[in-house]
Amino acid sequence: STGGAVATPEDHDVEYLTPVSIGTPEQILNLDIDTGSSDLWVFSSETSRSEVKGQTLYDPSNSSTAQKLEGYTWSISYGDGSSSAGEVYLDTVSIGALTVSSQAVEVAQKVSSEFTSDSNNDGLLGLGFGSLNTVQPNAQKTFFDNAMPALDSPVFTADLKAGIPGRYNFGYIDPNAYTGNITYVSVDDSQGFWDWTSPGYAIGSGSFENTTIKGIADTGTSLLLLPSSVVSAYYGKISGAKYDSTQAGYVLPCSPTPPDFAFGVGDDGAAIVLPGKYINYAPTGSSGTTCFGGIQGDSGIGFAIFGDVALKAAFVVFDGGSKTLGWASK
Ligand SMILES: CSC[C@H](NC(=O)[C@H](Cc1ccccc1)OC(=O)N1CCC(N)CC1)C(=O)N[C@@H](CC1CCCCC1)[C@@H](O)Cn1ccccc1=O
C-alpha cells in the first residue's frame, strides 16, 4: 500500500499542516507532521475549554472504532518549551489512501499556551523513532511503524516547499518530485531521531568548508539550527547582519538578498543549496527592512537541527527499512 497528503505552510513556513483522518465516520484534523518526536496527539473533546481557540477537536465518543486504553497517559514537552498531556485511545487513522486500523491516538487534556494560540494546528503526528514515544505504562508505535509492514517500500518522503503546499508520501518515491540523484546517508537512531552527519558547507560561491555537522532532519522545527562557527561564518559575509539579543537570534537586512547556503550530503560531493531568500525568514518589525535569520545557532541543543528552512530546499527520503536518509535537489 501507499498513501500521502499535502503539507500546507502556515505564515512564514513556520510549520506545515497535513489533513489526517481519524475515526469512523472520519474526523479530519490538520496535524503538524514532526520527524523530531514520536507521539500522535490531537486537540479533543477532553481538552480543557479555556485552552482551545479555534482548533478542530477529535471526539472519540463520535467514533464507532475508538477504544480507550484505560489507565494509559502521555505527557510531552518540546524543545521550544511547549507541552501537552492527556489520555490514549486506539482508532483508525488515515493519511490519504494509507490506513492504520489500530493507531494510538493521544487525546490532549491540557496544552500549553503556544498550542492554544496556534489555531490552525489541531495536533502533532510524530514520525521519529518509537523510543521517543511518551505513552505510559507502555510506549505506543508511530503511524509509520504501524504502516511499514504493509507499505510497498518501507519509506516516507518529505517534499516541503517555500510558501506553497508540498507533500508527504508513504510507501513510494515519486520520481517526478526531484532532480538528479538521491544521495543516501546513514542514520544514528540511538537517540530516537533521524540523526545524520553532513560533511560541511559552502557560503555563496565560496569554497566548500569540510567540517562534520551532526544533526537531525526535523520537519517540526521551523529553522536551520547549526553550530555557532558556521552561523557566524555565514552572517559574517553580510554587512548589517548582527546578533540581536532582544530577538534572541541573528537578524539581517532583508535586501540585498543574502548569499546562498549549501550543506554537503555524503562523501562524493553532493550538496543541497538553500537560495539566499530562504534565510530571510520573516521581517522583524513593521519597517520590513530587517529580517529574522532562517539560520540560527544550535548551542544548548547538542546537535544541529535541519528544520523546514533546510528541508524545503530538498526532497528527503526517510527510509525505515535501511535506517538511512536520502537527500535530493528539486
Ligand atoms: C529547538 S527545537 C524548537 C522547535 N520549535 C520550533 O521550531 C517552533 C515551531 C513552531 C511551530 C508553530 C508555531 C510556533 C512554533 O518554531 C520556533 O521555535 N521558531 C519559529 C519562529 C521564530 N520566530 C522563532 C523560532 C521544536 O520544539 N520542535 C518540536 C516540534 C514542534 C513543537 C511545537 C509545535 C510545532 C512542532 C520538535 O521537532 C523539536 N524537538 C527535536 C528534538 C528533540 C526534542 C524536540 O522537541
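Just so you know, the residues in each chain are numbered from 1, in the order the chain's sequence is written. Given that the model is predicted, a residue must reach a pLDDT of at least 70 before its local features are reported, and side-chain atom pairs must reach 80 or more before they are shown or counted; all residues, however, enter totals for whole chains, interfaces and linings. Excluded from the side-chain calculation are hydrogens and water; included are all heavy atoms of the structure.

Peer 1: What should I look at first to understand the pairing of strand β18 (residues 270–274) in this one?
Peer 2: Looking down a regular strand, the side chains alternate between one sheet face and the other. Each pair of strands is called paired provided DSSP finds at least two bridges between the two strands. By definition, any uninterrupted DSSP run of H or I lasting at least four residues is a helix, any uninterrupted run of E lasting at least two residues is a strand, and each is numbered from the N terminus. Judged from the five bridges that link them, strand β17 (residues 261–265) and β18 form a sheet pairing that is antiparallel. Looking across to β18, one finds that F261 is bridged to L274.

Peer 1: What am I meant to see in the sheet that holds strand β19 (residues 280–283) here?
Peer 2: In a beta sheet, neighbouring strands pair by backbone hydrogen bonds and run either parallel or antiparallel. The strand order β15-β16-β20-β19 describes an open sheet built from four strands, whose pairing is antiparallel. If you trace the sheet from one side to the other, it starts and ends with β15 (242–244) and β19, each paired once. The average undirected angle you get between the axes of adjacent strands in this sheet is 45°. For helices, the fitted line uses only the C-alpha atoms of the stretch in contact; every axis is such a line through C-alpha atoms, and the angle between N-to-C directions lies from 0 to 180 degrees.

Peer 1: What's the story with the confidence of the model for the protein in this structure? I'm lost.
Peer 2: Every residue carries a pLDDT, the predictor's confidence in it, which falls somewhere between 0 and 100. The pLDDT averaged across the protein works out to 98; a share of 100% of its residues lies at or above 70. Both scores are given for the predicted complex: the pTM is 0.98, the ipTM 0.95.

Peer 1: I'm lost on the site of the ligand in this one. Help?
Peer 2: In these notes, residues near a molecule or strand are those with any non-hydrogen atom within 4 Å of it. Lining the immediate surroundings of the ligand are 23 residues, of which D34, G79, D80, D218 and S222 lie closest. Here a polar contact is recorded for every N or O atom pair within 3.5 Å, except that within protein the pair must consist of a potential hydrogen donor and a potential acceptor, and residues adjacent in sequence are included only if both atoms are side-chain atoms. Here D218 contributes a side-chain N or O atom positioned 2.7 Å from an oxygen atom of the ligand. Contact between the ligand and S222: an oxygen atom at 3.0 Å from a main-chain N or O atom of the residue. Bound to the protein, the ligand loses 74% of the 860 Å² it would expose on its own. Residues are grouped as follows: nonpolar covers Ala, Val, Leu, Ile, Met, Phe, Trp, Tyr, Cys and Pro; charged covers Asp, Glu, Lys and Arg; every other residue, Gly included, is treated as polar. Along the lines of polarity and charge, the residues of the shell around the ligand split into 11 nonpolar, six polar and six charged. Here the Shrake-Rupley method, with its probe set to 1.4 Å, supplies the accessible areas, and only the displayed protein chains count as covering residues.

Peer 1: How should the state of the cysteines be read in this particular structure?
Peer 2: Covalently bonding the sulfur atom of one cysteine to the sulfur atom of another cysteine gives a disulfide. Cysteine sulfurs are considered disulfide-paired once they come within 2.5 Å of each other. Here the structure, examined in full by the defined rule, presents one disulfide. Note that C254 is cross-linked by a disulfide to C291, the S-S spacing being 2.2 Å. Judged by the torsion about the S-S bond (110°), the C254/C291 disulfide is right-handed. Of this pair, C254 sits in the loop between β16 (249–253) and β17 while C291 sits in strand β20 (residues 290–293), placing them 37 residues apart in sequence. Taken as a pair, C254 and C291 share a single burial class, namely buried. Exposure classes here rest on a 1.4 Å probe applied to the protein chains alone. A residue is buried below 20% of its type maximum, exposed above 50%, and partly exposed in between.

Peer 1: For this particular structure, what's the right way to read the sheet that holds strand β21 (residues 295–297)?
Peer 2: The mixed open sheet is built from seven strands, whose spatial order is β18-β17-β12-β13-β22-β14-β21. Two strands in the sheet have a free side with no partner beyond their single neighbour: β18 and β21. If you compare each strand with its neighbour and ignore which way they point, the axes differ by 40° on average. Working rule for contacts: check all heavy atoms of both residues, and any pair within 4.5 Å makes them a contact. Docked against the sheet, helix α3 (residues 228–235) engages β12 (195–203), β13 (209–217), β14 (224–226), β17 and β21, running at close to 135° with respect to β21.

Peer 1: Sorry, what's going on with the pattern of salt bridges here?
Peer 2: Pairing between side chains becomes possible if they bear opposite charge and their charged atoms approach one another. By definition here, a salt bridge exists when the distance from a side-chain nitrogen of Lys or Arg to a carboxyl oxygen of Asp or Glu is within 4 Å. This model, assessed by the stated rule, comprises six salt bridges. Of the charged contacts in the structure, one is a salt bridge between K214 and D188, with a shortest N-O distance of 3.1 Å. Residue K214 is located in strand β13, and its partner D188 is located in the loop between β11 (183–186) and β12; the two are separated by 26 residues in the primary sequence. Accessibility expressed as a relative area gives 41% for K214, which makes it partly exposed. For D189, the salt bridge identified is with K323, shortest N-O distance 2.9 Å.

Peer 1: What is the right way to look at the pairing of strand β1 (residues 3–9) in this model?
Peer 2: Counting buried residues along β1, five of its seven residues qualify, which places the element largely inside the surrounding structure. One ladder, built from two bridges, connects β1 with strand β2 (residues 16–22); its direction is antiparallel. Across the sheet, T8 pairs through a bridge with L17, a residue of β2. In textbook terms, the turn of a hairpin is the stretch between consecutive antiparallel strands, and for β1 and β2 this stretch comprises six residues, one of which, H12, has a positive phi near 60°.

Peer 1: It is not clear to me how α3 should be interpreted in this structure. Could you clarify?
Peer 2: For the α-helix, the turn length of 3.6 residues means that residues three or four positions removed from each other point alike. Buried within α3 we find V230, V231, Y234 and Y235. Projected onto a plane normal to the axis of α3, the buried residues spread over an arc of 120° and lie on a single side. This arc is built from the directions going out from the helix axis to the C-beta atoms.

Peer 1: Where do I start with unusual backbone geometry in this structure?
Peer 2: Both trends apply: most residues other than glycine have a negative phi, and most peptide bonds are in trans. Cis geometry marks the peptide bond from T24 to P25; its omega dihedral reads -10°. Relative to the elements of secondary structure, P25 occurs in the loop between β2 and β3 (27–34). Between S255 and the following residue, P256, the backbone shows a cis peptide bond with an omega angle of 0°. In this fold, P256 is placed in the loop between β16 and β17. At A248, a residue that is not glycine, the phi angle is positive and equals roughly 55°. Inspection of the secondary structure puts A248 in the loop between β15 and β16.

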